[in-house]
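Here's the letter readout for the chains.
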Amino acid sequence: MQKNKSHSSILPPQTIGIIGGGQLGRMMAIAARYMGYRIIVLDPTPNCPTAQIADEQITAPYDDMNAIRELVEKADVVTYEFENVDLEAARYIEAKGKLPQGAYALEVTQNREAEKTLMKENGIPVPPFSIVRDGKECRTALEHTSFPAVIKTCRGGYDGKGQLKLESESDIEAAVRFAEQGGTFIIEEWIDFDKEISVVFTRSQDGEIAFFPLAENVHRDHILAETYAPANVPETVKEKALAAAKVLAEKINVVGTFAIEMFVKGDDIYINEMAPRPHNSGHYTIESCNVSQFEQHIRAICLLPLKKIEQHKPALMINVLGEDVGRAQKALQRLPEASVHLYGKVEAKPKRKMGHITFIADNFEELAALKKAYEEDLD
Ligand SMILES: Nc1ncnc2c1ncn2[C@@H]1O[C@H](COP(=O)(O)OP(=O)(O)O)[C@@H](O)[C@H]1O
Ligand SMILES: [Mg+2]
C-alpha cells in the first residue's frame, strides 16, 4: 500500500486536458477513458486523432492564450503529447496549479542546446558536440570535429527533419549554408553505434520511478520503424542506461512518462535525446505489459500510485506509415496475432505515422516468424 494521497488525487469523472491531438494524445485518452476520466483536447485540426476519443475539443492553435485559458478552466489537470508546447502557455498552466509535469521539462527538451548542456554538466555521456549560431561559427567548430558528423537545428526537429549528415570535409560548405538559415544549431560527431535503445519510464509526483523494459529501436529514413522489447544488450549497458535515466529524471524533476533515446557501442552508451511524454518506442507496453506507458502516465499526473511493471512476453512493434495502411488492414483480416492500432488520421501521406502493430510471443524467433508473416506473406 502507498501513502494515502487521495486528498489531492484527480479522480474520475474529473477532466484531463490534453494539449496536442495526435496519436499520443489519443492513446493517453483511451487509457484515461477506461478509468472513467473526461477528456478535453486542444488542437487546431477538427476531428484530430485525440478528438475522436475526447468529450470535447477546443479547436485552436496551441499557443492561443484564450484557448489555453479555456482549457485550464474546463480541465482539472493538463498534460501534453509533444514537447513543443508554448512555454508561456505552460508557465501559465503551471501557475494555476494544473500542470504537474511543470514547464521546466519542456524548456529543456524543446531545445537541443539546453538538453545536451544539462547532460554534459551532469556527467551523462553524449556524442561530442558544439553549439553554433551562424555559418562562421559552424566553420570554426567543424575544424575541431571528426567526420562523419551531423548538424541539427536546436529547435523543432523530429523524425530526422531539421538535420543534415556530414560525411566528410567536403560537406563543410553545405553545413555552413545550413547554419546560415537562422537560429541555433548543434554539431555532433556521428556515433557508429551497434544499436539504438530507449529507456521509457514514469515518475510519480513523489519521485518514485517505474521503468519499462529497455526498448531496442530500428530506424529507417530517420523514422522509428521497429521496436523490440526487452532490448538485447549486455547487463552493464542496461545498468548504465537506467542510472543515466535516474540522474536526468531527478535533475529535470520529471513527472509522468518520459523517454530517453540512446546509442549503444560495445559497453558504452551515448545519450541522444529525451521526450517528456509517452514515446513511440513504448507503444509495445499496451499488449506486452500489465500497465501501458499511457495508463502509467495518467496515474502519475492524477496523483495515483504507479503500478509495479511486469512484462508478460517479449514484444515487437512495427510502425504503420502512410504506405503501409493496406497491409495493416490485411493483417486485421488474416493475421490474428497482430494487434493493430490505427490512429484515425484522415490523410495517409507517405512516411506519416498512421498506426502501429504489436506482436507478442514467447521468444524472438517466434517474433521474427510473425514479422515475416506480416511483411512477406500478406501480399
Ligand atoms: N550523433 C549521431 N550519431 C549517430 N546517429 C545519429 C546521431 N544523431 C542522430 N542520429 C540518427 O538519426 C536519428 C534521428 O536523430 P534525432 O536526433 O533522434 O532526431 P529526431 O528528433 O528527428 O528524432 C537517430 O535516431 C539516429 O538514428
Ligand atoms: Mg529521435
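A.B. asks: Would you explain the overall build of the protein chain in this entry?
C.D. replies: The helix and strand inventory of the protein chain stands at 12 helices and 17 strands. Expected size for 379 residues packed as a compact globule is a radius of gyration near 21 Å; at 21 Å, the protein chain falls within 12% of this value. On the principal axes, the C-alpha backbone points of the protein chain span a range of 60 × 55 × 45 Å. Counting over 379 residues, the protein chain shows a buried share of 45%.

A.B. asks: For this particular structure, what's the right way to read the site of ligand 1?
C.D. replies: Lining the immediate environment of ligand 1, one finds 18 residues, of which Pro127, Gly160, Glu188, Trp190 and Ile191 sit closest. Contributing elements (two or more residues each) for the shell around ligand 1: β6 (149-153), β13 (256-265) and β14 (268-275). Across the shell around ligand 1, the residue classes break down as seven nonpolar, five polar and six charged. Two domains each donate at least three residues to the shell around ligand 1, and these are domain 2 (128-189) and domain 3 (195-375).

A.B. asks: Please explain the domain arrangement of the protein chain as it appears in this structure.
C.D. replies: Split by domain assignment, the protein chain resolves into domain 1 (15-99), domain 2 (128-189) and domain 3 (195-375). Distance between the C-alpha centres of domain 1 and domain 3: 23 Å. With 16 residues of domain 1 at the contact, the number on the domain 3 side is 16 residues. Sorting the residues of the side of domain 1 that touches domain 3 by element identifies α1 (23-35) and β4 (77-80) as the ones contributing at least two each. The element contributing the most residues to the side of domain 1 that touches domain 3 is α1, with eight residues. Residue composition of the side of domain 1 that touches domain 3, grouped by class: 10 nonpolar, three polar and three charged.

A.B. asks: Mind showing me how you'd approach the sheet that holds strand β3 (residues 56-58) here?
C.D. replies: In a beta sheet, neighbouring strands pair by backbone hydrogen bonds and run either parallel or antiparallel. With respect to topology, four strands assemble into an open sheet ordered β3-β2-β1-β4, the strand pairing being parallel. Unpaired on one side and paired on the other, β3 and β4 mark the two borders of the sheet. Shown here is a sheet whose adjacent strand axes are inclined to one another by a mean of 25 degrees, direction ignored. Here strand β1 (residues 15-19) pairs with strand β2 (residues 38-42) via five bridges, running parallel.

A.B. asks: Explanation requested: the sheet that holds strand β8 (residues 185-189) in the structure shown.
C.D. replies: Spatially, the four strands line up as an open sheet ordered β5-β8-β6-β7, and their pairing is antiparallel. Across the chains shown, the open sheet's two edge strands, defined by having one partner strand only, are β5 (129-132) and β7 (163-166). Taken pair by pair, the neighbouring strands of this sheet meet at an average axis angle of 20 degrees, ignoring direction. Summarising the sheet, β6 and β7 pair through four bridges and their orientation is antiparallel. Within β7, the position partnered with Ile151 by the bridge is Leu164.

A.B. asks: What is the right way to read the pairing of strand β9 (residues 195-203) from this model?
C.D. replies: The side chains of a regular strand alternate, residue by residue, between the two faces of the sheet. Burial within β9 is extensive, with eight of its nine residues counted as buried. Bridge analysis of β9 against β13 gives nine bridges, and the strand direction is antiparallel. From the neighbouring strand, Arg203 faces β13, where its bridge partner is Gly256. Taken together, the three bridges between β9 and strand β11 (residues 215-220) define a ladder with antiparallel strand orientation. Bridge assignment links Glu196 to a residue of β11, and that residue is Asn217. Of the pairings in the sheet, the one linking β9 to strand β10 (residues 209-211) comprises three bridges and is antiparallel in character. Opposite Arg203, over in β10, you have Ile209 as the bridge partner. Hairpin connection, β9 to β10: the antiparallel pair is bridged by five residues, and Gly207 has positive phi, about 90 degrees.

A.B. asks: Would you explain the packing of helix α6 (residues 135-143) against helix α7 (residues 172-179) in this entry?
C.D. replies: What describes two packed helices is the angle between their axes and the distance between those same axes. Across the interface, α6 lies against α7 with an axial gap of 8 Å and an inter-helix angle of 145 degrees. The handedness of the crossing between α6 and α7 comes out as right-handed. From α6, Gly135, Cys138, Arg139 and Leu142 reach across to α7, where they touch Ile172, Ala175, Val176 and Ala179. Here the contact of α6 with α7 is built from residues that sort into six nonpolar, one polar and one charged.

A.B. asks: I tried to follow the environment of Ile360 on my own but got confused; where do I start?
C.D. replies: Inspection of the secondary structure puts Ile360 in strand β17 (residues 353-360). The exposure class of Ile360 is buried, given the 21 C-beta atoms found within 10 Å. The spatial distance from the C-alpha of Ile360 to the C-alpha of Met317 is 8.7 Å, given a sequence separation of 43 residues.

A.B. asks: I would appreciate a short explanation of α6 in the present structure.
C.D. replies: An α-helix turns once every 3.6 residues. As a result, residues three or four positions apart point the same way. Burial in α6 covers these residues: Cys138, Ala141 and Leu142. Taken down its axis, α6 places every buried residue within 95 degrees of arc, on the same side. Exposed residues on α6 whose side chains face more than 90 degrees from its buried face are Lys136, Thr140 and Glu143.

A.B. asks: Would you explain the nonpolar core in this entry?
C.D. replies: When a protein is soluble and globular, its nonpolar side chains tend to lie buried together. Counting 108 residues, the largest nonpolar core has Met28, Ile39, Ile187 and Ala241 as the members making the most contacts within it. Take this core: its biggest share by element is seven residues, from helix α8 (residues 235-252). Among all residues touching Ala241, those that are not within four sequence positions of it are Ile197, Val199, Leu214, Met262 and Ile269.

A.B. asks: Can you walk me through the environment of Tyr270 in this structure?
C.D. replies: With respect to the helices, strands and loops of the structure, Tyr270 is situated in strand β14. Contacts of Tyr270, omitting those with residues within four sequence positions, involve Pro125, Val126, Pro127, Ile191, Met262 and Phe263.

Rules used throughout
- Residues numbered from 1 in each chain as written.
- Chains lettered and ligands numbered in written order.
- Predicted model: local features only at pLDDT ≥ 70, side-chain atom pairs only at ≥ 80, totals over all residues.
- Helix = DSSP H or I, 4+ residues; strand = E, 2+ residues; numbered from the N terminus.
- Rg over C-alpha atoms; globule rule 2.2 N^0.38 Å.
- Buried ≥ 20, exposed ≤ 12 C-beta atoms within 10 Å, placed from the backbone.
- Near = placed C-beta within 6 Å.
- Nonpolar A, V, L, I, M, F, W, Y, C, P; charged D, E, K, R; others polar.
- Domains from an automatic or database assignment.
- Contact = placed C-beta atoms within 7 Å.
- Pairing = 2+ DSSP bridges.
- Axes fitted to C-alpha atoms, helices over the stretch in contact; angles between N-to-C directions.
- Left-handed = near helix turned anticlockwise from the far one by under 90°.
- Arc of directions from axis to C-beta.
- Core = buried A, V, L, I, M, F, W, Y, C linked by C-beta atoms within 7 Å.

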